[in-house]
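# Notes for the structure review
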Amino acid sequence: MTDNLNGPNDVRTDYSARSTSTPPIQRRKVGSDFPFFTIFLVLSFSYLLLIISLLVADAAFTSLQDIGRAFESKEIRYSFMLSMGSCTLSSAISLLIAIPIGYLMSRFNFTGKNLIDGILDIPIVLPPLVIGLSLLILFQTGFGRSLDKTFSLIVDKIGLNSLLQMIGVKPIRGITYELPSVILAQFSVACAFAVRTMRVTFDQISERFESVALTLGCRRDQAFRYVVLPEAIPGIITAGTLAWARSLGEFGPILVFSGATRMKTEVLPTTVFLELSIGDVEAAVAVSMIMVVAAFLVLGLTRVFGLRTNTI
Amino acid sequence: MIEVVNLTIQQGDFSITNVGFTVPEGTYGVLMGSTGSGKTSILEAICGLRPIVSGRILLTSVDVSHAKSADRNIGYVPQEGVLFQKMTVRQHLAFALKIRKWDNHQIQQRIDELAELLGIGHLLHRRPKRLSGGERQRVALGRALSFKPDVLLLDEPLCSLDDEVRHQMCNLLKYVQQDQGTTSLHVTHNTSEAVRLADYLFRLVEGKVVEFSPLTESHEGEETSFNRLEKE
């Protein structure tokens, strides 16, 4: 009785009684987390180091004078301007197409959706050269030729060539091996990335916003324009900048579909290729640095104004 | 008046068949049911956000069973408000009015009325991110009432609020309903909320709507609908 001073319900008494009949519990010691973090950090930093090393090597190889000298060349100035212009145009067209596709794919379920989803990913997984070759073949078919013809007619009708001549650009005669082919080649790949980003963007915007807007008297287009689109702005910025960056780096499809004609279809990656092929490594690296700076600006813009989560 | 007649809704494996109830003109109806019982589906069907298989939905005696949401003239307060993140409170109150092309003077007048009614005058320039749970629901209520809808439909509007704010919001909902005279249907699983607000109380049990109405005040020792409900 002396070991149960607090009555029959005293739990302390029960525990002490149990401890005499069962073996004592072995205290388990959890090992250190140090190896886990060490391995993960070493692996992570090794890749980070590779990226930084690449940039440092480029920067060490070139100088502001080299970049300035590169800009003295009117061919490089042209390719820079063409790259900036074509990337802006192709990313704008990509957005124009990616917003409706992303919205429809995000909001509606229909037969064959998985198939369409797969088709939309083809430009991402296909080798770039194959895309260029496919574009070239497409514009040799009857359909492609009629497209080419129609485009030329439209260009003549709206007087685009006289406008281009005013800014010192050669007139356009069709699509293949002409300026529009550069934009089309860039768009073909960049749009796929923009579509993916826009789909994720719309997935992240609750359908309930549209539901509420519909009950407030909106038509579908009004709900989209006034409620969904403002919510999607960070995603649109991300999709646009991503498409722009992809377009800037596009080389294979442009080389095949547009050629590498100086002062005509030469973009910055083509310049790097042409300068390397004639052995002018300094100019090639200087042009590369221009693209690195442009890519950094785009990345910065996305980080500040775009989606907080990764979409690709 | 809200009339739901032999309504059948099907979504995947889930279905509700032949449910019906009526909320008379100018009264406050509460539809109760456990989570997953289908009460939100019924409310969404009345809103026009969910297709129906059969049956009829009549609002102010007009058959709106297959009408678009926008044509039903309903005020909808969803769970947790669902405020538009990029809009200020003022823009929320003006949104439905701009869609209906009210002139600026009328819009301003209506915003002032709603701000006073709901006590949100000091919040007009804020965006949803800077509002508390109770404030969000007030704004959602104001947005739903802005265009003077025929009926007000509320989907668990107080579920994420603490007890004190819930109590305040219950008083506000009752006051607003009496002030505006809007026929209302409020979906909830909270018994005390239902007891406080309902003129007519419906309960969704195993796919059937059971009506406890009209509700009378509980006298000492008397078994009323409310008493029975609270015991359950």
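Being a predicted model, the structure only gives us computed values, none of them experimental. Counting restarts for each chain, with residues numbered from 1 along the sequence as it is written. To read the labels, note that chains go from A and ligands from 1, taken in the order they are written. With pLDDT at 70 or above as the cut-off, local features in this predicted model cover only qualifying residues; side-chain atom pairs require 80 or more to be listed or tallied, and sums for whole chains, interfaces and linings still use all residues.

Turning our eyes to something else, we now look at the overall build of chain A. Note on conventions: DSSP H or I runs of at least 4 residues are helices, E runs of at least 2 residues are strands, and numbering of each starts at the N terminus. Looking only at helices and strands, chain A features 15 helices and 0 strands. Projected onto its principal axes, the C-alpha coordinates of chain A cover approximately 110 × 60 × 35 Å. Residue burial is a threshold on neighbouring C-beta atoms within 10 Å of the residue's own C-beta, all placed from the backbone, with 20 or more meaning buried, 12 or fewer meaning exposed, and counts in between meaning partly exposed. Put simply, chain A has 312 residues, and 33% of those count as buried.

Residues and elements named next belong to chain B. Whether two strands pair depends on DSSP finding at least two bridges between them. Spatially, the 6 strands line up as an open sheet ordered β6-β7-β8-β3-β9-β10, and their pairing is mixed. Looking at which strands have only one partner, the edges of the open sheet turn out to be β6 (74-77) and β10 (208-212). Strand after strand, the sheet turns through a mean of 20° between neighbouring axes, direction not considered. Here 5 bridges tie strand β3 (residues 28-32) to strand β8 (residues 183-188), and the two strands are oriented parallel to one another. Note on β8: the bridge partner recorded for Met32 is Thr188. Running at roughly 165° to β6, helix α4 (residues 133-145) makes contact with β6 and β7 (151-155) of the sheet. Orientation is described by lines fitted to C-alpha atoms, with helices fitted over the stretch in contact, and by angles between N-to-C directions that extend from 0 to 180 degrees. Placing a C-beta atom from the backbone of each residue, one calls two residues in contact when those atoms lie within 7 Å.

Further remarks concern the pairing of β7 of chain B. For a regular strand, side-chain orientation follows a simple rule: the groups alternate between the two sheet faces. Residues and elements named next belong to chain B. Most of β7 sits out of view: 5 of its 5 residues are buried. Residues Val151, Leu153 and Asp155 of β7 are buried on one face, and the alternating residues Leu152 and Leu154, pointing to the opposite face, are buried as well. Both β6 and β7 contribute to a ladder of 4 bridges, which runs parallel. In the sheet register, Gly75 faces β7, and the bridge partner there is Leu152. Taken together, the 5 bridges between β7 and β8 define a ladder with parallel strand orientation. Residue Val151 lies in a different strand from β8, and its bridge partner there is Thr183.

The next thing to look at is helix α2 (residues 34-61) of chain A. Here, expected helix span is obtained from the residue count minus one, scaled by 1.5 Å. In a regular helix each residue adds 1.5 Å, so 28 residues correspond to 40 Å; α2 of chain A covers 39 Å between its end C-alpha atoms and thus fits that length. Counting buried residues in α2 of chain A gives 0 out of 28 residues, a small share hidden from the surface.

Right, let's talk about the interface of chain A and chain B for a bit. Opposite the 14 residues of chain A that make contact, chain B presents 17 residues. Broken down by secondary-structure element, the contributors of at least two residues to the side of chain A that touches chain B are α10 (207-215) and α11 (220-231) of chain A. Among the elements that make up the side of chain A that touches chain B, the one with the highest residue count is α10 of chain A (6 residues). Gly is placed with the polar residues, together with every amino acid not listed as nonpolar (Ala, Val, Leu, Ile, Met, Phe, Trp, Tyr, Cys and Pro) or charged (Asp, Glu, Lys and Arg). Of the residues that constitute the side of chain A that touches chain B, the class distribution is 7 nonpolar, 4 polar and 3 charged.

To continue, consider helix α7 (residues 142-158) of chain A. Taking 1.5 Å of rise per residue, the 17 residues of α7 of chain A would be expected to cover 24 Å, and the 24 Å separating its terminal C-alpha atoms lies within 8% of that figure. Summarising burial for α7 of chain A: 1 of the 17 residues are buried, a small minority.

Do not read the predicted coordinates in detail wherever pLDDT is low. Each residue gets a pLDDT score, which is the predictor's confidence in that residue and runs from 0 to 100. Confidence along chain B averages 86 in pLDDT terms, with 91% of residues attaining 70 or more. Low confidence marks residues 216-223 of chain B, where pLDDT is under 50. Its contacts with residues over four positions away, or in another chain, come to 5 contacts.

Below, the discussion takes up the nonpolar core. A general feature of soluble globular proteins is that nonpolar side chains tend to end up buried together. Judged by nonpolar contacts, the single largest core of 125 residues is most densely connected at Ala194, Ala243 and Val287 of chain A together with Ile42, Ile46 and Leu153 of chain B. When residues in this core are grouped by element, the largest group, 15 residues, is from helix α9 (residues 179-204) of chain A. Here, a nonpolar core means buried Ala, Val, Leu, Ile, Met, Phe, Trp, Tyr and Cys residues linked by C-beta atoms lying within 7 Å of one another.

Residues and elements named next belong to chain B. Bridge count between strand β1 (residues 2-11) and strand β4 (residues 54-59): 5 bridges; the pairing is antiparallel. Counterpart to Ile2 in the pairing with β4 is Leu59. Pairing of β4 with strand β5 (residues 62-63) involves 2 bridges; the strand directions are antiparallel. Within β5, the residue paired with Leu58 across the bridge is Asp63. Linking β4 to β5, which pair antiparallel, is a turn of 2 residues; within it Thr60 sits at a positive phi near 45°.

Our focus in this paragraph is the sheet that holds β1 of chain B. Residues and elements named next belong to chain B. Ordered in space as β2-β1-β4-β5, the 4 strands form an open sheet in which the pairing is antiparallel. With partners counted over all chains shown, the strands left at the sheet margins are β2 (14-23) and β5, one partner each. Along the sheet face, helix α1 (residues 39-47) touches β1, β2 and β4 and points at about 115° away from the line of β1.

As a further point, take unusual backbone geometry. Of note in the backbone geometry, Met263 of chain A takes a positive phi value of approximately 65° without being a glycine. A tally of 14 C-beta atoms within 10 Å means that Met263 of chain A is categorised as partly exposed. Phi angles above zero are rare outside glycine, and Thr60 of chain B is one such case at about 45°. Mapping Thr60 of chain B onto the fold places it in the loop between β4 and β5. Here Thr60 of chain B falls in the partly exposed class, since 14 other C-beta atoms lie within 10 Å of it.

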